[in-house]
Amino acid sequence: MSHLSRRASWLFRQILKHGKNLRNMPHPSTCCKCNNHHQTYNQCVKQLEGTEDRYRGITVDLSQLPSNITEQEFGGLLQDSLAQWRVSGKQAVWLRVPIMHSKHIVAAASSGFSFHHAEGNYSVLNLWLDSSRESALPRFATHQVGVAGLVLKEDTREVLMVQDRHRHRAIWKFPGGLSDLGEDIGETAEREVFEETGVKSEFQSVLAFRQQHEHPSAFGRSDIYVICRLTPVTFDLKPCSQEIHACQWMSLDKIIADDETAPITRTLTKLAQHGLDDGFEKVDITCQEMKSVYKGLLFKLYHRPF
């Protein structure tokens, strides 16, 4: 039957049903799935479509939903889908909710979903389905990653130091900041040094990293701070006026002797001093790019030389 024939048949049935009182006649909408006419989206779609993972979980992106589906329709569809997923042995469900579909979060919460994380223009909710054991769903990222650059002029035994503009105490520190998604540690160090001081530098090695819990600026996450050794390519200082209060090349001896130097800064400066005196092969953690077990991907392994 053609699309027009189906519509004419529907209209004829509605006229017989409602008689002259056509104002009460429901108005059909064209289903985005099958091009037929339904009063509700649920009459055509009986289960949400999703992508299964190897842990018997399923991820559903709500951007697949038509913009005019109501909260009630979605709630019913979600309940039907959950029942079918439980029968089929699914262990967990993840809902990716675009910000423009946020009205459906209430229905999801009523079905037991809770927030996992939110970023940009979407949020992710999850629900553990396996009632025979406790939830094995991972928490969202437990750590944030920051990177500092220890930029060392080996000939003059000087290090590039900065004072942050927004700190309540004007202490000298190495330039650095948070790593961007998909950015290598060395790239973060080079970028942050340039953004804060105007100095271009090249990554040489990782010297150390700090782990701190209950960090006041980590949004409730733990903090990993990686300190890299860099070699300067340029030397003129052009500090960022919005972030940096002061910037200068400072001798290793002065940093170590200054009573105001933070313990972590003093220890790392001594490590750089040790590298200069006895060879950086004794302190450097170097980087090696390797093939991942995941096809087509590479990773970087940081280790002591051997």
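In case you missed it, the structure is sitting above this.
Cut-off values and rules
- Residues numbered from 1 in each chain as written.
- Predicted model: local features only at pLDDT ≥ 70, side-chain atom pairs only at ≥ 80, totals over all residues.
- Heavy atoms only, no water.
- Buried < 20%, exposed > 50% of the residue type's maximum accessible area, 1.4 Å probe, protein only.
- Helix = DSSP H or I, 4+ residues; strand = E, 2+ residues; numbered from the N terminus.
- Pairing = 2+ DSSP bridges.
- Phe/Tyr/Trp six-rings, centres within 6.5 Å; stacked < 30°, edge-to-face > 60°.
- Lys NZ or Arg CZ within 6 Å of the ring centre and 35° of its normal.

Peer 1: Break down the pairing of strand E7 (residues 122-128) for me, citing the residues and quoting the values.
Peer 2: Of all seven residues in E7, seven are buried; the element is thus mostly enclosed. Side chains Tyr122, Val124, Asn126 and Trp128 project from E7 onto one buried face, and the interleaved Ser123, Leu125 and Leu127 project onto a second face that is buried too. Relative to E7, strand E5 (residues 92-98) runs antiparallel, the two being bridged by seven bridges. Within E7, the residue paired with Val93 across the bridge is Leu127.

Peer 1: Pulling in residues and values, what's your account of the sheet that holds strand E4 (residues 57-61)?
Peer 2: In spatial order, the strands read E3-E4-E5-E7-E6; together these five strands make up an open sheet with mixed pairing. For this open sheet the edge positions go to strand E3 (51-52) and strand E6 (114-119), each flanked by a neighbour on one side alone. Across two bridges, E3 lies against E4 in antiparallel orientation. Across the sheet, the residue bridging to Glu52 is Ile58, located in E4.

Peer 1: Give a detailed account of the packing of aromatic side chains, specifying residues and quantitative values.
Peer 2: By convention here, two paired aromatic rings are described through the distance between centres and the angle between planes. By the definition in use, this model includes one aromatic pair. Here the aromatic rings of Phe235 and Trp249 are separated by 6.3 Å at their centres, their planes lie at 45°, and the arrangement is tilted. With Phe235 in the loop between strand E12 (222-232) and strand E13 (244-251) and Trp249 in strand E13, this pair connects stretches of sequence that are 14 residues apart. Taking relative accessible area as the criterion, Phe235 reaches 42% and is therefore assigned partly exposed. Between the NZ or CZ atom of Arg96 and the centre of the ring of Tyr122, over which it lies, the distance is 3.8 Å.

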